[in-house]
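# Structural overview for review
Single-letter residue listing:
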Amino acid sequence: MFLHQIRHDMVYLWLLDSLTPWDLEAAAKNLLLFRHEEHLYYLHIMLLVYAFLPVTRLLVRNGDRQSLEYALGLWLLLGILYPTVRTLWPFTLLEGIPVQWRLNLAYSSIGYTLLGHYLTVYRPRPRRPLCLAALLAGFLLTFGGAWAASAAAGRLEEHFLEGTGAGVFLEALGFWGLCQRASLPEWAGRAAARLSKASFCVFLTHVFFLQFFARHGLRAAEGPPLFTVPLVSLLVLICGWGAYALFSRVPGVRRWLI
């Protein structure tokens, strides 16, 4: 991951201008001080998740279904719901220790590993209408909340867009449930599996492709968003998938990076 970050900083600086000794020093400082372009902070969240794996495994080995559900409920309350509503009244009136109860984004991400284990072992099958309702509610909360907060502040407010927000959680849960209920043809299942394997590589390379397209005049902010955002997203996905197809043939890269 750190090797990727060095390459990313090098490529990013190259896109802006030719490299100089100062550029190399700046890239090294960005790496050592965790100043990473846009949302590549996810790499450091993953380091925290891996550091907590022994604790997570301890809970999984010694906890029955009821204790796991209790832990997930506590995580949902303090890591998903509370951080989402903390900027809203009357939660803004809270002071003292209760303000510190909430889990921040990095530590809340650990809960998703526990949730993944729970869904894999116990395989709940929610009804399709419930999944659709969760997906719709999550979409409205994520983008409706972001729009309302941004309109009130007069600038882009990303609070409702956070990956551990309640809206994103509902979207993911609804999408997962629909996938559990879907009957895909064999070719579609294989394509979905390949895309799933390529997803981390897409994440690692997407900033490079966004900067590359912007360098050549293709930006999501230029033009009707309903057209430009899906177009740029699709191009980044295709390029990231192509990068995975290329890099996955390199044994060391495939094992340690993607």
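Residues numbered from 1 in each chain as written. Predicted model: local features only at pLDDT ≥ 70, side-chain atom pairs only at ≥ 80, totals over all residues. Heavy atoms only, no water.

## Observations concerning helix α9 (residues 186-215)
Considering bend angle alone, the principal kink of α9 is centred on T205 and spans about 45 degrees. Two residues or fewer past α9, G217 is found with a positive phi of approximately 90 degrees. (Bend = angle between axes of the 7 residues up to and from the residue. Helix = DSSP H or I, 4+ residues; strand = E, 2+ residues; numbered from the N terminus.)

## Observations regarding the pattern of salt bridges
Within the structure shown, the criterion is met by 4 salt bridges. Ionic pairing is found between E157 and R155, a salt bridge with its closest N-O pair at 2.9 Å. A relative accessible area of 53% means that R155 is categorised as exposed. Between E186 and R190 there is a salt bridge; the shortest N-O distance is 3.1 Å. Here E186 and its partner R190 are both found in helix α9, 4 residues apart, which amounts to about one turn of the helix. (Salt bridge = Lys/Arg side-chain N within 4 Å of Asp/Glu carboxyl O. Buried < 20%, exposed > 50% of the residue type's maximum accessible area, 1.4 Å probe, protein only.)

## A look at the packing of helix α4 (residues 53-62) against helix α6 (residues 105-122)
Between α4 and α6, whose axes approach to 11 Å, the crossing angle comes to 35 degrees. Considering the relative orientation of α4 and α6, their crossing is right-handed. Residues T56, L59 and V60 of α4 touch α6, and the partners they reach there are I110, T113, L114 and H117. Residue composition of the contact of α4 with α6, by class: 4 nonpolar, 3 polar and no charged. (Axes fitted to C-alpha atoms, helices over the stretch in contact; angles between N-to-C directions. Left-handed = near helix turned anticlockwise from the far one by under 90°. Contact = heavy atoms within 4.5 Å. Nonpolar A, V, L, I, M, F, W, Y, C, P; charged D, E, K, R; others polar.)

## Description of the packing of aromatic side chains
This structure, assessed with the given rule, holds 10 aromatic pairs. Judged by centre distance (5.7 Å) and plane angle (90 degrees), the rings of F52 and Y107 are edge-to-face. With F52 in the loop between α3 (42-51) and α4 and Y107 in helix α6, this residue pair connects regions lying 55 residues apart in the sequence. On the basis of relative accessibility, which here comes to 40%, the residue Y107 falls in the partly exposed class. Relative to F203, the ring of F200 has its centre 5.8 Å away and its plane inclined at 20 degrees; by these criteria the two rings are stacked. Remark: F203 and F200 occur in helix α9; sequence separation between them is 3 residues, near one turn of the helix. F200 sits in the partly exposed class, given a relative accessible area of 23%. (Phe/Tyr/Trp six-rings, centres within 6.5 Å; stacked < 30°, edge-to-face > 60°.)

## With respect to the side chain of T84
Mapped onto the secondary structure, T84 falls in helix α5 (residues 65-85). We classify T84 as buried; its relative accessible area is 8%. Those residues in contact with T84 that lie beyond four places of it in its chain are H159, F160, G165 and A166.

## Quick look at the confidence of the model for the protein
Mean pLDDT over the protein stands at 85; residues scoring 70 or higher make up 89%. Helix α1 (residues 2-16) is the least confidently modelled element of the protein, averaging 45 in pLDDT, while α5 averages 95, the highest of any element. Contacts of residues 1-17 to residues separated by more than four positions or lying in other chains number 37 contacts, the stretch itself having pLDDT below 50. (pLDDT = per-residue confidence, 0-100.)

## Details of the nonpolar core
Formed by L68, A71, L72, W75, I80, L114, L115, Y118, L119, A166 and F169, the largest nonpolar core amounts to 11 residues. Listed by contribution, the elements that provide at least two residues to this core are α5, α6 and α8 (166-181). By residue number, the principal contributor to this core is α5, which donates 5 residues. The contact partners of L119, leaving out residues within four places of it in the chain, are P124 and W176. If you look at the next biggest cluster of nonpolar residues, it comprises 8 residues, including F209, V232, V236 and Y244. (Core = buried A, V, L, I, M, F, W, Y, C linked by side-chain atoms within 4.5 Å.)

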